[in-house]
Amino acid sequence: MDYLSKLNREQKEAAMYTEGPLLILAGAGSGKTSTMTHRIAYMIDEKGVDPYNILAVTFTNKAAREMRDRVEALVGHGLPSWILTFHSACLRILRAHAEVLGYGRDFTVYDPTDQKTLVKNIIKELGIDGKRFTPSYFLGIISKCKEQRITWQEYPRVYGDDIKAEMAGKVYAAYEKTLKKNNAMDFDDLLLNAVRLFEQDEAVLLEYQNRFRYIMVDEYQDTNRIQYLFIKMLAEAHNNICVVGDDDQCIYQWRGADIRNILEFEKDFKGVKTIKLEQNYRSTGNILNAANSVIANNRGRKEKSLWTENGEGELIRLRQFDTAFDEADFIGEDIKSAVRQGGSYNDSAVLYRTNAQSRLLE
């Protein structure tokens, strides 16, 4: 197709490889979204794949919306209706089959505000010191349990019976019972219950396996255990799964992301083809050289080295200071100097690691 001529060699190879498992290792700024959208368009226009049989999942509504818009611009017709976030896809499946798990199809989804209100009431009912143990504390424990598939019944066995664990176990149990009583799920439940649904009803799993003959997953390095199981169960029937990601950009392990999902993809699906997108369109050579030299020290990574045709660009400056005040003062003066030389304040961005640094910088 004409639009494939806009892709580089590796992007084009990935877009045209549609049968069997495919791992696209896409470095930062390497055009992964463009590759994915062209791949969907190629499947529909050139391979004759019914959009009904395509599932593409990503992590944010913004990313899903951008992907849909780009595919529509390329194809102009027959847009797949399942270009969604993980949560949206699971919600849509559960709406159709919630009764299998003992819920009504009109179940409510609790947002973070609803969750905090519920836990706050539970804390009060159980006589727990709400100043010492906040709703956020217990919700963090509950979310971690759900990511690891630890039920409230299993909690005491896994976490022991010290005072804190006993208290958290009681809150978790009351939280789950109240959700079920209210015909409600939280965001973690959407993923967890979709997997439970597939495990408990083979006919439902078969229905969606037969529908989604082609599956694509964006930002695969950020998937957790439950998301991994959801995708793996759907893909096992036809083995046409394409995952896109970069193990060097896995920054959400604190949020449950499991780097093993992308590192061990070849073990889960036989006959995997791996394509590396290493040409960067966003940065200059000096920035990429610095980034590559740092990333090369990571242990247990898939080897890749980003390069660019953008030229070397300015050198990176590294400065060290004795105090946080000296650092903030230098940054302020550096920005003022750039503005005095004709620049704009909009030309500068200041990135910092912790919120504690923000006041001095401001």
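The preceding data block contains the structure.
Predicted model only: the values in this text are computed from it and were never measured.

Is there a simple way to explain helix 1 (residues 9-16) in this structure?
Structural remark: α-helix, 3.6 residues per turn; residues separated by three or four positions point the same way. Of all the residues in helix 1, the buried ones are Q11, A14 and A15. Within helix 1, the buried residues cover an arc of 100° as seen down the axis, which keeps them to one side. Buried positions along helix 1 lie against strand 1 (22-26), helix 2 (32-45) and strand 8 (273-277). Between a side-chain oxygen at the N-terminus of helix 1 and the backbone nitrogen of E10 the separation is 3.1 Å; the capping residue is N8.

What is the right way to look at the nonpolar core in this model?
Soluble globular proteins tend to bury their nonpolar side chains together. Grouped together as the largest cluster of nonpolar side chains are 47 residues, with contacts concentrated most on F198 and F230. Contributing elements (two or more residues each) for this core: strand 1, strand 2 (54-58), helix 4 (86-97), helix 9 (187-200), helix 10 (202-211), strand 6 (214-217), helix 11 (225-235) and strand 7 (241-245). No other element matches the eight residues that helix 11 contributes to this core. Not counting chain neighbours up to four residues away, the residues in contact with F198 comprise I93, V204, L205, Y208, F230, M233 and L234.

In this structure, what is going on with the layout of surface pockets? I would like to understand it.
Gaps left between atoms are located by rolling a probe of water-molecule size over the structure's atoms. Counted as a void, the largest pocket has a volume near 1300 Å³. Tallying contributions element by element places helix 15 (residues 324-340) first for the lining of the largest pocket, with six residues. Grouping the constituent residues of the lining of the largest pocket by class yields 19 nonpolar, nine polar and 12 charged.

Help me understand the pattern of salt bridges, please; the structure alone is not making it clear to me.
Side-chain pairs of opposite charge can arise where the charged atoms are in close proximity. Counting across every chain of the model gives 20 salt bridges. The partner of R70 in a salt bridge is E66, with the nearest N and O atoms 2.7 Å apart. In this pair, R70 and E66 both sit in helix 3 (residues 61-75), four residues apart, roughly one turn of the helix. Classification of R70 by relative accessible area gives partly exposed; the value is 33%.

Can you walk me through the environment of N310 in this structure?
Tracing the backbone shows N310 in the loop between helix 14 (285-295) and helix 15. Spatially, the C-alpha atoms of N310 and E72 are 30 Å apart, while their sequence positions differ by 238 residues. Of note is the side chain of N310, whose polar atom sits 3.5 Å from the backbone oxygen of Y281.

Any chance you could explain empty space enclosed by the protein here in plain terms?
In this structure the tally under the stated criterion is one cavity of 30 Å³ or more. Taken as a whole, the largest cavity holds about 30 Å³ of empty space. Around the largest cavity sit K146, E147, D188, L191, L192, N224 and I226, which together line it. Counting only elements with at least two residues in the lining of the largest cavity, the list comes to helix 6 (135-147) and helix 9. Looking at which element gives the most residues to the lining of the largest cavity, the answer is helix 9, with three residues. Of the residues assigned to the lining of the largest cavity, the class counts are three nonpolar, one polar and three charged.

Teacher, can you tell me more about the sheet that holds strand 3 (residues 83-85) here?
Paired through their backbone hydrogen bonds, the strands of a sheet run either parallel or antiparallel. With parallel pairing, the six strands of this open sheet are ordered in space as 3-2-6-7-1-8. Edge strands, defined here as strands with exactly one partner in the open sheet, are strand 3 and strand 8. On average, each strand axis in the sheet is tilted by 15° relative to the strand beside it, whichever way the strands run. Note: strand 2 against strand 6, four bridges, orientation parallel. Across the sheet, residue I54 finds its bridge partner in strand 6, namely Y214. Sitting on the sheet, helix 3 is in contact with strand 2 and strand 3, with an inclination near 175° to strand 3. Taken strand by strand, helix 4 contacts strand 2, strand 3 and strand 6, and its axis lies near 100° from that of strand 3.

Rules behind the numbers
Residues numbered from 1 in each chain as written. Predicted model: local features only at pLDDT ≥ 70, side-chain atom pairs only at ≥ 80, totals over all residues. Heavy atoms only, no water. Buried < 20%, exposed > 50% of the residue type's maximum accessible area, 1.4 Å probe, protein only. Helix = DSSP H or I, 4+ residues; strand = E, 2+ residues; numbered from the N terminus. Arc of directions from axis to C-beta. Contact = heavy atoms within 4.5 Å. Polar contact = N/O pair within 3.5 Å; in protein donor to acceptor, adjacent residues only side chain to side chain. Core = buried A, V, L, I, M, F, W, Y, C linked by side-chain atoms within 4.5 Å. 1 Å grid on protein atoms, 1.4 Å probe; cavity = no way out; pocket = protein on both sides within 12 Å on 5 of 7 lines; lining within 4 Å. Points joined across faces, edges and corners; volume = space filled by probe spheres on them. Nonpolar A, V, L, I, M, F, W, Y, C, P; charged D, E, K, R; others polar. Salt bridge = Lys/Arg side-chain N within 4 Å of Asp/Glu carboxyl O. Pairing = 2+ DSSP bridges. Axes fitted to C-alpha atoms, helices over the stretch in contact; angles between N-to-C directions.

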